[in-house]
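Residues per chain, in single letters:
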Amino acid sequence: MGKRELTPEEQFLKEGDRSAHWNTVDVHEPVMKALGLEGALTAEEDENLLQTLPPSGEAPKVMRRMETRTGRRQKRMPVKGWAAAVLALVLLGGGYTQFSGKLQQGAEAQSSGEVRQGAGAQYKVLPYQPLPATASGGTLIEKAKEPLKPYIPNAEPGAEYEANQKLSILYNQKYSKGAELMKELLLPGEYATYVITREDEEGEGSMNMYRPPLTFKDYTAYKTSVEEHNAPVLEQPAYLPEGYALHEAIIKPFFLKVPDVQELKGGNERDLGDNFQLAWRVEKAENIDYPYSSLVYKKGDVQVRIGVSLVDDNQNPADPLSWSEYTKMENIEIKGRQAIFSDDSGNKELDLGFKYELVWSDPGAKVIYSVIAGQENTELTKDELIAIAASMMK
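The structure contained in this document is the topic of the report that follows. A quick note: this is a predicted structure, and the numbers were derived from the prediction, not measured.

### Description of the overall build of the chain
Within the chain one finds eight helices and 19 strands. Buried positions account for 45% of the 394 residues belonging to the chain. Carbon and sulfur atoms form 49% of the exposed surface of the chain, whose accessible area is close to 20900 Å².

### With respect to the sheet that holds strand β4 (residues 131-132)
Sheet strands pair via backbone hydrogen bonds, and the direction of the pair is either parallel or antiparallel. The sheet built from three strands is open, its strands ordered β4-β5-β15 with mixed pairing. What marks the edges here is a single partner per strand, and that holds for β4 and β15 (319-321). Summarising the sheet, β4 and strand β5 (residues 140-143) pair through two bridges and their orientation is antiparallel. Counterpart to leucine 131 in the pairing with β5 is isoleucine 141.

### Structural notes on the sheet that holds strand β7 (residues 192-198)
What the four strands build is an open sheet, ordered β8-β7-β12-β11; its pairing is antiparallel. The open sheet has two edge strands, β8 (206-210) and β11 (268-273), and neither has a second partner. Taking each pair of neighbouring strands and ignoring which way they run, the sheet shows an average axis angle of 25°. Across the sheet, helix α5 (residues 159-185) lies against β7, β8, β11 and β12 (276-282), angled at about 150° from β7, the strand it touches most.

Definitions and cut-offs
Residues numbered from 1 in each chain as written. Predicted model: local features only at pLDDT ≥ 70, side-chain atom pairs only at ≥ 80, totals over all residues. Heavy atoms only, no water. Helix = DSSP H or I, 4+ residues; strand = E, 2+ residues; numbered from the N terminus. Buried < 20%, exposed > 50% of the residue type's maximum accessible area, 1.4 Å probe, protein only. Areas by Shrake-Rupley, 256 points an atom, 1.4 Å probe, with all protein chains shown as cover. Pairing = 2+ DSSP bridges. Axes fitted to C-alpha atoms, helices over the stretch in contact; angles between N-to-C directions. Contact = heavy atoms within 4.5 Å.

By themselves, these figures tell us nothing about what the structure is for.
Shown next, in the form of structure tokens:
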């Protein structure tokens, strides 16, 4: 479903909470259950549905992963003998081997492994491989197992299709109303888990979380709040393309434990009409963590987002990187560090939340960094994104 095809209610849900660790509000699933179509996917397919995305960018759970194509013939690129040996070693599972070669700049450097110069930052291009996120090496930053593609409903236009559409709109309206009620019913600084159920529907309903981010226009205020909430901090980059200025700083709260649906029932409840019920619980401070923060810089309507998130050894993969059939991934070495660069500029069918994305880690500190240029209206280049990241690396 294209972005412009969404109803206002669906767009509200799509643009809602797309955090890296918790599911988004899933409207499609309860609607399918209400229509008796919940068995449309096999258990294996259901397991492969998109669950979470990186804090930055984040696509909704209306996309389905597709089978990875294997055995595709790849175009050969002529390389000199020593470069071919290094590339073969990497592709066969060998470790990364440094080499010394001719320093080239810009378009002069074409083959993988050569050093390039972009926007003042020198970097080396390498074949894609996962990167460790923690010192133990057991937690990795790696691409998601399957690419994403738009969800295409099977229903054909007709009377039944129209009825299903009306039911879908009704569910969307109730989820939107529930989210708006949370804003009205909770005090400033309060967060809650809530569930929306329908009396004539089987199942427990969909668990949702109300946890609006903390936002700041001033960098000093952001740093003060980071210290108060023990959140990971971002230093401002030493390099930004001309015209970009800080637009907003963000700290995202997360719940350490999500309650069972049954724990919410019998407490705070509200009738949403049409046999829909809202039940919620205000979460205590000890159940709230702040593992992610970001800085958004803008030049007019164009923005670049820089993010940092905490990770632990039990989180694997640490950051499943979203990709489509059109995404090109490679590793970039900057200042002796490797990062994963994703280029989704060729994707005209699906907005993954980025045109370019660069992700790297500090395993000792157990943090992951990202720099993202959005899919729409961006004018940033690959070299500029790399230069921003390089200016942040110590």
